[in-house]
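Chain residues, written in single-letter form:
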Amino acid sequence: MIEDKILLGHGAGGILTHKLINEIFLPAFGGGSPLEDLDDATLINVPSSALVSTDTFTVSPLFFPGGNIGTLAIYGTVNDIAVSTGKPLYLTVGMVIEEGFPIKELKRIVESMKKAADSVGVKIVAGDTKVVEKGKGDGIYINTTGIGAYGGLGTFSEEPIKPGDKVIISGTIGDHAATILINRENLGIDANIESDCGSVVNIVKTALSVGGVKWMRDPTRGGVGTTLNELIMGKPFGALLYEETLPIKDAVRGIAGLLGIDPLYMANEGRVLMVVEKDKAEEIVNAIRKLPEAGDSTIIGEITESTPGKVKIKTQWAERFVPMLPGEQLPRIC
Amino acid sequence: MERTYEYLERLKKYIISYDKPAQIMEVCGTHTFQFFATGIRDMLPPHIKLLSGPGCPVCVTPTSYIDRVIKMLEKYPDIIITTFGDMLKVPGTNRKSLVHMKSEGKDIRVVYAPEDAVKIAEEEKRPVVFLSVGFETTIAPIAAALDLAEQASIDKFYLLLSHKLIIPALKALLSDPEAEIDGFILPGHVSAIIGKRPYEPVLRKYGKPGVITGFEGHHLIIGTATLLKLIKEGKSEVINAYPEVVRDKGNRQALSLINKYFIPTDEEWRGFGLIPQSGHALREEYRHRDAKRAFPVEVPESQDPPGCLCPEVVKGKKRPPECPHFGKGCTPLHPLGPCMVSSEGACAAYYKYRREDI
């Protein structure tokens, strides 16, 4: 049996590294994958139109209700590929681990990564581990790079975005950020809430199969507010959200209020924001609502002719601007 | 219902088409938030400016108050501090806050009402100090809690006073020759206690109008339209646009309870310094409940966070985004100054609604 804590030697390439690979990584990731050969590089078959995406995860705390840094690292990259219509095929995993990190926790992370990867049918085909001295990292950081088959989940409508199109969110907003904050900031509140961390592959596939989807993103850092601004900025049209239809859990609203932040800017890790043809909007919502991970999906706004380049939200009384996030929002959220 | 809707639409049109520049101060922090949240702030034409006023109790509490609490906890480890949650994160000198003291194991408990602090005093053997910070709206329940402690002879209940009275603050604002305020949206909740009348002499003296306003969207529309009309007509009247809650003479029962225990005294405000007769002391017969006397400490000269513009923000002279720390070194999670801490603070409101541009 190997030591119970990560040592510098685990990243040095010697016997300890081999033990780590053989006792932790291969049992989880290995099963029939090219990883077992332990070659310097892996030969894979890539479709002629492939998507590639990379993301690095530094979330604190590492474990939180609804997931951990490992599941976040798998779904994060998988979702980036999925919202670009890609069917995720392969992933690489790079880890930077701090000396002294408990092996037991590493095992927990790795096993949940395997489970997450299997659930979306993606293969882990390459990996790397480095160990940094105690105090030079914060437990563990994970990078994942993914490759997917472009159009593998369906295709977007060829019609350009135009006023009248509807904006859909596939579930409640802010769950992930609220979960992280409540577990990190010692708020002393006991809210029954968990991260939405999960795959959006089925949501994307279902929506695309209905047709009429013009644009999709997963509103992670910066939330729905920022993601929508990224679409609208500099465009000849605007967007108007309807405050009364925004799906927000009471607990998230409470935490947001307590911390003085707007749920519109809070990160999600398993939601899809889309712009769809007006006439297809209801049908898409009804279709994806059948999926357990999208039961709260709703039409939350529309594309407008007025105030081009700006996002606004309609309250009961008037309309207010939802500007781009100016500075730091919430660090280490994913 | 239809008629109400049409009435509000007509007032909205009046506001949107108002053609003269006007600077309006919303005295109360809850108004600042609601103007943002309802979108009414964004509806205003650009020449109508909203200035946030000093009506956020945490924001105008001086740094020395926090420093005193910290010193008290260090010198008298036995005491239990009870407080509204907003005070926990307010930085004292060197950014040290009650959150730090709590993490050092000091007994600091968040309560939602002053009478909860009295209950703690009843159950515990140790002295309980309530951080008695607030405007008239909060002072009323504090007086009621004190009344409870008196009647039940709960001796170990103390108050560390930093009460703030709204009328002297308005006087201080208006007597500043640099003040550029055309009229006031007056706080609905404070007015429910003090009534409409106390505003009249001071606003008349300085020739400014004021409208007592509630907190829902329709209140804000009615309050703003009414105030703009008064400004245009050059009237210095006070109008009560929240009559469902506010009476001319206020809440007499609450006022007499406040008067029973407290007497006005000069009080230090962040940004303003000492304002005459703008705070409270306990009346002589209740001075034994004064935490400042019961637990004396030396408080070295306090230092405000360097570069923090809270002192200017609470006077409506600077807007939060003008502060170099806004949204950078100072966020609601890691606030540098109290205006970013409080759920009524102007900086917190600007931060929440992401406004750098106004």
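Here the structure is shown first, and the text comes after it.
Residues numbered from 1 in each chain as written. Chains lettered and ligands numbered in written order. Predicted model: local features only at pLDDT ≥ 70, side-chain atom pairs only at ≥ 80, totals over all residues.

1. Considerations on the overall build of chain A
Helix and strand counts for chain A come out as eight helices and 13 strands. Against the globule reference of 20 Å for 334 residues, chain A gives a C-alpha radius of gyration of 21 Å, in line with a compact fold. On the principal axes, the C-alpha backbone points of chain A span a range of 65 × 50 × 35 Å. In chain A, of all internal contacts separated by at least 6 residues, the share reaching a separation of at least 24 is 86%. (Helix = DSSP H or I, 4+ residues; strand = E, 2+ residues; numbered from the N terminus. Rg over C-alpha atoms; globule rule 2.2 N^0.38 Å. Contact = placed C-beta atoms within 7 Å.)

2. A word on the packing of helix α7 (residues 114-123) of chain B against helix α8 (residues 136-151) of chain B
All names here are of chain B. In contact at an axis separation of 8 Å, α7 and α8 are set at 25° when each is read in the N-to-C sense. Overall, the two elements α7 and α8 adopt an arrangement that is roughly parallel. Seen from above, α7 lies across α8 with right-handed handedness. Contacts between α7 and α8 involve P114, E115, A117, V118 and A121 from the first element and P141, I142, A144, A145, L148 and A149 from the second. Residues belonging to the contact of α7 with α8 are distributed by class as follows: 10 nonpolar, no polar and one charged. (Axes fitted to C-alpha atoms, helices over the stretch in contact; angles between N-to-C directions. Parallel < 35°, antiparallel > 145°, perpendicular 65-115°, else oblique. Left-handed = near helix turned anticlockwise from the far one by under 90°. Nonpolar A, V, L, I, M, F, W, Y, C, P; charged D, E, K, R; others polar.)

3. Side note on the nonpolar core
Ranked by size, the top nonpolar core spans 115 residues in total, and within it V69, C339 and C347 of chain B carry the most contacts. Element by element, the count of residues in this core is highest for helix α12 (residues 217-232) of chain B, at eight residues. Counting 98 residues, the second-largest nonpolar core is a separate cluster that includes V93, I109, V213 and I333 of chain A. (Core = buried A, V, L, I, M, F, W, Y, C linked by C-beta atoms within 7 Å. Buried ≥ 20, exposed ≤ 12 C-beta atoms within 10 Å, placed from the backbone.)

4. So, the interface of chain A and chain B
Many descriptions give the size of an interface as the accessible area lost when the pieces come together. Taken together, the 17 residues of chain A in the interface contact 23 residues of chain B. Across the side of chain A that touches chain B, the residue classes break down as eight nonpolar, four polar and five charged.

5. Observations concerning the sheet that holds strand β1 (residues 22-28) of chain B
Residues and elements named next belong to chain B. Pairing is parallel across the open sheet formed by five strands, whose spatial order is β2-β1-β7-β8-β9. In the strand order of this sheet, the two ends are held by β2 (48-55) and β9 (238-240), each with one partner. On average, adjacent strands in this sheet sit at an angle of 25° to one another, irrespective of strand direction. The pairing of β1 with strand β7 (residues 183-187) spans three bridges and is parallel. By the bridge assignment for β7, E26 is matched with I185. Sheet strands in contact with helix α2 (residues 29-37) are β1, β2, β7 and β8 (210-213), and its direction is about 120° off that of β1. (Pairing = 2+ DSSP bridges.)

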